[in-house]
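Commentary on secondary and tertiary structure
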Amino acid sequence: MLSDLLHDFRYGFRQLIKARGFTVVAILTLAIGIGTTTAIFSIVNSVALQPMPYEDAEQLLEIRQVRISDQRAFSPLWETIEELQKQTEVFDRVTASTGMHGNLSGVDFPVRVFGHAVALNYFSTLGVQPLIGRTFLPEEVIEGNGNVVILNHTFWLTQFNGRESVLEEKVLLNDEPYTIVGVMPPGFSKITGEMSSPKAFSPLVANNVVDSMRFMRECIGRLKPGATLEQAQAELDVFAKRMEAADPEQWRNFNLRVEPLLDYHVGETKPTLYLLLGAVGFLLLIACVNVANLLLARASSRQHEIALRSALGASRTRVVRQLLAESVLLAVIGGAIGILFAFWSMNALLTFAPVNMPRLNEVHIDGFALFFSCAVTMLTGIGFGLVPALQATKVDLTLAMKEGGRSAGDGQHRTRLRNTLVVIEVALALVLLIGAGLLTRTFANLQNVDLGYDGDNVHLARLMMLDENYPDDQSRVTFTDRALEQLSQRPEIVAASFSTGAPYFGNLRVLLDIEARTEADMSRLSRVALSTITPDYFLVMNAPLLSGRTFTERDRADSPLVAIIDDNVARQHFPDENPIGQRIAFVRSEAPREWREIVGVVGNIYLRGAADEAAPGVYTPWSQYRTFSPKILVRVRPGAPNPGRTVAEAIQKVDAAMPVPTTMSNLSEFDGHMIAPQRYALFLFGVFSGFALLLAALGIYGVMSYNVNQRTNEIGVRMALGAQPKDILRPIFIQGSKLVLIGLIIGIGGALAGTKLLASMLYDTSPSDPLTFIIISTVLALVAALACYIPALRATKVDPMVALRTD
């Protein structure tokens, strides 16, 4: 049996060598389908299927506190986490972390560090040990003893040159000495993407960090062996009721929810990844259909050979096995080239991937992905080869053995099958093309959204003013005044401003009160985004002033309190009156209202990018409100070299210890980050659709060319009897057009059902957008018509004498 199989493969290989043109086209077609499928599956596998790089990662759950009224989820309070550790039986351990940021000096250049302050059992709960050094000790979570830090691997490489001697070195964090005690392994802190990767870890000391930041960034529980997610949720439901009974005011509107840690980090990405995997699956189907059609056409030309082998005693099973050996050989060679293509294309796929895509650094083609690729290769080899092989062995021996029996034996059932495959190709290609068209419309809509500002040439960075150096508002105002003076002297800087809020960098949300409103009117009030700014903020942002004035140097702490509102606030609270001169205040617990006069109205600014709504915004002068966590924004002249270095030098003339990133963020880059998921999906859908369109056109062209070849004798006779070229062209073109039309109708139906899966990725575009359906269907119809027309035109060039001699 094994020798027969080896003989089949050797014979099949010789047959493929003889038909070089067919072999090359089939192999390249399969390489495209299998290669793209392998590459996309590798991304899905690395991001969404593989467990996280922690010990027994399936036992780790993210615990979230959920507000029942609006289902908003956030990490619990530190006090809640402490109670969870005491009162729950299903968890072996519960841990937490919160945000930690500060100014790091004692290195080549002062830098801002964003990291995590973590509980003592944080690393042990995750089951991760440092690459070098140690984790925190129990005495280091006590106030006054917590001045130790563990570095992120990337931060260690970039700031400390990967020196192992870094252990026990001292650095200054917020002007306090910290000792480096460890370095985490590569990739540990990049689960949520490069943009949000923490650079360092410090002990979470309840007495100081938690008092100021009681809400944690994350709360993770490790299940006890044998415990399940359902048991954990049930116990948390009981825990929440117990907490509500003890503190009804705090817990009446809250409960707790758990989900696997992997789902928490990659849950929002999964639908997009699975959608892309489905799209590339369509492409693989189109490739298989195309190769099946090629095999059907080739089998028709080999009927005489197959009939001869049958007449000599070969069973149908034996002939089918031989033909399957050829198709499997095609698949194996195509799969091997496809895997090479997948390795080559992976860099491009990762280059275009969103930088905040979770687990991006873990994406690679591993053994499981290669196994998947091999399985796909074998399935496609058998799948696309079986039907043509079975059809090829349905031979009328009498007709096939005659000279010219090839055409006689090519029955209607085989023609119908080839036509059916063409219809399937067209339908699948249309679904992919319409998906790409909808994403193109979405991307265009997002690109055309007026964000309310011009982010080109605007650079920004966070600063940190330590309380020890700037104990009051006046000292902070003095610093910003001197810094702005220094910046104004730099010729490459057009304008500069400080602000407590900025697009993508967060804003304080406050409740707005309006003077002379009744209690009934108070229910109409909503939270607004508050930014405290210096006078040139709107000049830096190039945001339009709609009415009134902007702030000036005269709006100081000892002058009347003023504010500027945006158009959203004006429309919501002053729909039928002029807001200029009206007075507003911010609700702060039981504190008396500080009424501010509205002196200007500006355009709406999108704080979270085009895909989000423009939140109502209010602005106050820098000297008249709390100035915490300032951001510096500068508009530079086009082509200005290294704006970050320019800003750092200016600010450090005022405060040499103030760290400023030498590479500042560009606002337009953040705009791009926010639409990166749509851009990435569009890029991949565009690639898949381009291949699908090419393969569909080749499939139609191949079938029509074969039909023309089969009718060469008939065409020669008709032309010899006086038929005109148009009489030959019309029926052939109409035959192909009918197949395309049927494929388009089926494809439109499939697209109407399938594009609903794209709804979450679309912006201002309906999944059934008529214009997209019409344009894409027209494009595919034109390409298909050209694929039909070329063989039909070639038929009109047939020499009647040559055609008759072949009969």
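1. Thoughts on the overall build of the protein chain
Within the protein chain, the regular secondary structure consists of 27 helices and 22 strands. Burial status across the protein chain gives 52% buried among its 807 residues. Sequence separation of 24 or more characterises 81% of the internal contacts of the protein chain that already satisfy a separation of 6 or more. Per element, the accessible surface of the protein chain, about 36,000 Å² overall, is 58% carbon and sulfur.

2. What about the nonpolar core?
The biggest cluster of nonpolar side chains holds 94 residues, and the ones touching the most others in it are Ile43, Tyr54, Phe123, Leu126, Phe188, Phe685 and Ile700. When neighbours within four sequence positions are excluded, Ile43 is seen to be in contact with Leu273, Met346, Leu349, Met357, Val363 and Tyr680. By size, the runner-up hydrophobic cluster in this structure holds 42 residues, among which are Ile132, Trp156, Phe239 and Leu256.

3. Concerning the packing of helix α25 (residues 725-754) against helix α26 (residues 770-795)
How two helices sit against one another is set out by the angle between their axes and by the gap between those axes. At a closest axis distance of 9 Å, the pairing of α25 and α26 adopts a crossing angle of 155 degrees. The angle between α25 and α26 falls in the class roughly antiparallel. The crossing of α25 and α26 is right-handed. On α26, the residues that touch Ile728, Leu729, Ile732, Phe733, Gly736, Ser737, Val740, Leu744, Ile748, Ala751 and Leu752 of α25 are Phe773, Ser777, Leu780, Ala781, Ala784, Ala785, Cys788, Tyr789, Ala792, Leu793 and Ala795. In terms of residue class, the contact of α25 with α26 is made up of 19 nonpolar, 3 polar and no charged.

4. Brief notes about the pattern of salt bridges
One pass over the full model with this rule turns up 16 salt bridges. The closest approach of N and O atoms between Lys270 and Asp263, which form a salt bridge, is 2.7 Å. Residue class for Lys270 comes out buried when judged on its relative accessible area of 18%. Asp263 gets classed as partly exposed once you look at its relative accessible area, which sits at 27%.

5. Description of unusual backbone geometry
Its identity as a non-glycine residue notwithstanding, Asn642 has a phi of 45 degrees, on the positive side. Along the chain, the position of Asn642 falls in the loop between β21 (631-636) and α21 (643-652). When its relative accessible area of 42% is taken as the criterion, Asn642 is described as partly exposed. In the Ramachandran plot, Asp764 falls in the positive-phi region, its phi being about 55 degrees despite a non-glycine side chain. You can see Asp764 is positioned in the loop between α25 and α26. A relative accessible area of 66% means that Asp764 is categorised as exposed.

6. Some thoughts on a nonpolar patch on the surface
Side chains of Tyr701, Leu786, Tyr789, Ile790 and Leu793 sit close together on the surface and give an oily, nonpolar patch of about 410 Å² of accessible area. The dominant element in the nonpolar patch, judged by the number of residues it contributes, is α26, at 4 residues. If you trace the backbone, Leu793 turns up in helix α26.

7. Some thoughts on helix α5 (residues 153-160)
All of the buried residues along α5 are His153, Phe155, Trp156 and Phe160. The arc enclosing the buried residues of α5, seen along the axis, measures out at 160 degrees, which places them on a common side. Among the structural elements, β3 (91-105), β4 (111-118), β5 (132-133), β6 (148-151), β7 (170-173) and β8 (176-183) are those in contact with the buried residues of α5. Looking at where α5 begins, the residue whose side-chain oxygen comes 2.5 Å from the main-chain nitrogen of Thr154 is Asn152. Looking one or two places after α5, you find Asn161, whose phi comes out positive at around 55 degrees.

8. Looking at the packing of aromatic side chains
Counted according to the given criterion, the structure contains 14 aromatic pairs. Each ring, one from Phe341 and one from Trp344, has its centre 5.9 Å from the other, and the planes form 35 degrees; the classification is tilted. In this pair, Phe341 and Trp344 are both assigned in helix α12 (residues 316-352), 3 residues apart and thus about one turn of the helix distant. Taking relative accessible area as the criterion, Phe341 reaches 25% and is therefore assigned partly exposed. Here Trp344 falls in the exposed class, since its relative accessible area comes to 64%. Here the aromatic rings of Tyr537 and Tyr619 are separated by 6.0 Å at their centres, their planes lie at 40 degrees, and the arrangement is tilted. Here Tyr537, found in helix α19 (residues 537-541), pairs with Tyr619, found in strand β20 (residues 617-621); they are 82 residues apart in sequence, far enough to count as distant. We classify Tyr619 as buried; its relative accessible area is 5%.

9. Brief notes about the pairing of β8
With 6 of its 8 residues buried, β8 lies for the most part within the structure. Looking at chain direction, β5 and β8 are connected through 2 bridges and run antiparallel. For Ile132, the partnering residue across the bridge sits in β8 and is Val183. Where β6 lies against β8, 4 bridges are found, and the strand directions are parallel. Paired with Leu151 across the strands is Val183, a residue of β8.

10. Overview of the environment of Lys270
Looking at the secondary structure, you find Lys270 in helix α10 (residues 270-301). A sequence separation of 226 residues divides Lys270 from Val44, and the C-alpha atoms of the two residues are 8.0 Å apart. Residues within four places of Lys270 in sequence aside, it is in contact with Ala48 and Asp263. A distance of 2.7 Å separates a polar atom in the side chain of Lys270 from a polar atom in the side chain of Asp263.

11. Concerning the side chain of Arg64
Among the secondary structure elements, Arg64 is positioned in strand β1 (residues 60-67). Of the polar contacts made by the side chain of Arg64, one reaches the side chain of Tyr264; its length is 3.5 Å. Look past the residues within four positions of Arg64 in its chain and what remains in contact with it is Ala73, Phe74, Ser75, Arg217, Asn255, Leu256, Arg257 and Tyr264.

12. Some words on helix α17 (residues 473-488)
Taking 1.5 Å of rise per residue, 16 residues should cover 22 Å, and α17 covers 22 Å from first to last C-alpha, within 8% of that figure. Within α17, the full set of buried residues consists of Ser475, Arg476, Val477, Phe479, Thr480, Ala483, Leu484, Gln486 and Leu487. If you follow the buried residues of α17, they end up packed against β13 (493-499), β21 and α21.

13. Let's talk about the environment of Arg462
Position of Arg462 among the secondary structure elements: in strand β12 (residues 458-462). For the pair Arg462 and Ser665, spaced 203 residues apart in sequence, the C-alpha separation works out to 9.7 Å.

14. Here we look at the confidence of the model for the protein chain
Per-residue confidence for the protein chain gives a mean pLDDT of 80; residues scoring 70 or more make up 84%. For residues 207-213, every residue scores under 50 in pLDDT, and the model assigns this stretch 11 contacts once sequence neighbours within four places are set aside. For the stretch residues 403-409, pLDDT sits under 50, and the model shows 11 contacts to residues farther than four places along the chain or on other chains.

About the cut-offs
- Residues numbered from 1 in each chain as written.
- Predicted model: local features only at pLDDT ≥ 70, side-chain atom pairs only at ≥ 80, totals over all residues.
- Heavy atoms only, no water.
- Helix = DSSP H or I, 4+ residues; strand = E, 2+ residues; numbered from the N terminus.
- Buried < 20%, exposed > 50% of the residue type's maximum accessible area, 1.4 Å probe, protein only.
- Contact = heavy atoms within 4.5 Å.
- Areas by Shrake-Rupley, 256 points an atom, 1.4 Å probe, with all protein chains shown as cover.
- Core = buried A, V, L, I, M, F, W, Y, C linked by side-chain atoms within 4.5 Å.
- Axes fitted to C-alpha atoms, helices over the stretch in contact; angles between N-to-C directions.
- Parallel < 35°, antiparallel > 145°, perpendicular 65-115°, else oblique.
- Left-handed = near helix turned anticlockwise from the far one by under 90°.
- Nonpolar A, V, L, I, M, F, W, Y, C, P; charged D, E, K, R; others polar.
- Salt bridge = Lys/Arg side-chain N within 4 Å of Asp/Glu carboxyl O.
- Patch = residues over 30% accessible without salt bridge, like charges linked within 9 Å, V, L, I, M, F, W, Y side chains within 5 Å.
- Arc of directions from axis to C-beta.
- Polar contact = N/O pair within 3.5 Å; in protein donor to acceptor, adjacent residues only side chain to side chain.
- Phe/Tyr/Trp six-rings, centres within 6.5 Å; stacked < 30°, edge-to-face > 60°.
- Pairing = 2+ DSSP bridges.
- Expected span 1.5 Å × (residues − 1).
- pLDDT = per-residue confidence, 0-100.

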